[in-house]
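# Descriptive analysis of the structure
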Amino acid sequence: MNDFDSNANWYLIQTKPRQEARAEEHLLRQQYECFRPLRAAPALTRSRRVADEDLFPGYLFIRLDCNDNWYPIRSTRGVCRVVAFGGMPCPVPDSLIASIRQRTQASAANAVRFTEGEAVRVRTGDSEVQAIFLCEDGDERAVILLNLLQREQRISLPRSSLQRLTAHAC
């Protein structure tokens, strides 16, 4: 197994379809260091909860010494194969793993979630108006209820233009 020495490198594992979590769980039980990048994504159910989805569906990273026995990895539940080129597993640079970790952590920290019926501020350019948040419309958009000309209108717009109403600009 891996003792986190300097000879260890990251490698890419292809998992069986929709079995990334299973493969990660079983590899962790075998004391391997794994990295499965996730991102927060809106669930498709009406429960309004946030679910995590794989950033790279069908793949995860594992840290191994090139002298490690690869057979237990290939026979692990959920694992399809170790990604190789010319029959040799290709190491993934540590800098790439660090960059992916940094980006997934930053996007998770910046993700602002709103609840249905919450009052929000819509900012477009120099103007801002108050609206009611209705629901998420994919990863990057939201549906709001806006009062225009004495009528409530449903509008889909980028989530980046929404702010919590309680936030005050200095």
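Scroll up for the structure.
The paragraphs below set out a description of the structure included in this document. Note that the structure is predicted; figures quoted are calculated from it, not measured.

### Regarding the sheet that holds strand β9 (residues 119-124)
Pairing is antiparallel in the open sheet, where five strands are placed in the order β12-β11-β10-β9-β13. With partners counted over all chains shown, the strands left at the sheet margins are β12 (151-158) and β13 (162-164), one partner each. On average, adjacent strands in this sheet sit at an angle of 45° to one another, irrespective of strand direction. Sheet analysis places β9 next to β13, joined by three bridges and oriented antiparallel. From the neighbouring strand, V122 faces β13, where its bridge partner is L162.

### Describing the environment of R36
Structurally, R36 can be placed in the loop between β2 (33-35) and β3 (38-42). Relative accessible area serves as the criterion here: at 17%, R36 is assigned to the buried category. When the C-alpha atoms of R36 and E20 are compared, they prove to be 7.8 Å apart, with 16 residues separating the residues in sequence. Sequence-distant contacts of R36, defined by excluding residues within four places in its chain, comprise E20, A21, E24, D54 and L60. A polar contact of 2.9 Å, which involves the side chain of R36, links it to the side chain of D54.

What counts and how
- Per chain, residues are indexed from 1 in the order of the written sequence.
- Restriction of local features to residues with pLDDT of at least 70 applies here, the model being predicted, together with a cutoff of 80 or more for giving and counting side-chain atom pairs; totals for whole chains, interfaces and linings are based on all residues.
- Heavy atoms from the whole structure form the basis of all side-chain values; hydrogens and water molecules are not counted.
- Two strands make a pair as long as DSSP finds a minimum of two bridges between them.
- Strands here are runs of E lasting at least two residues and helices are runs of H or I lasting at least four, both read from the DSSP assignment and numbered beginning at the N terminus.
- Interaxial angles span 0 to 180 degrees and are taken between N-to-C directions of axes, which are lines fitted to C-alpha atoms, for helices over the stretch in contact.
- Burial here depends on accessible area, computed with a 1.4 Å probe over protein chains only, as a share of the maximum for the residue type. Under 20% is buried, over 50% is exposed, and the range in between is partly exposed.
- The contact criterion used is simple: two residues touch if any of their non-hydrogen atoms lie within 4.5 Å.
- Under the rule applied, a polar contact is a pair of N or O atoms within 3.5 Å (in protein, one hydrogen donor and one hydrogen acceptor; residues adjacent in sequence only if both atoms are side-chain atoms).

In short, shape yes, function no, at least from these values alone.
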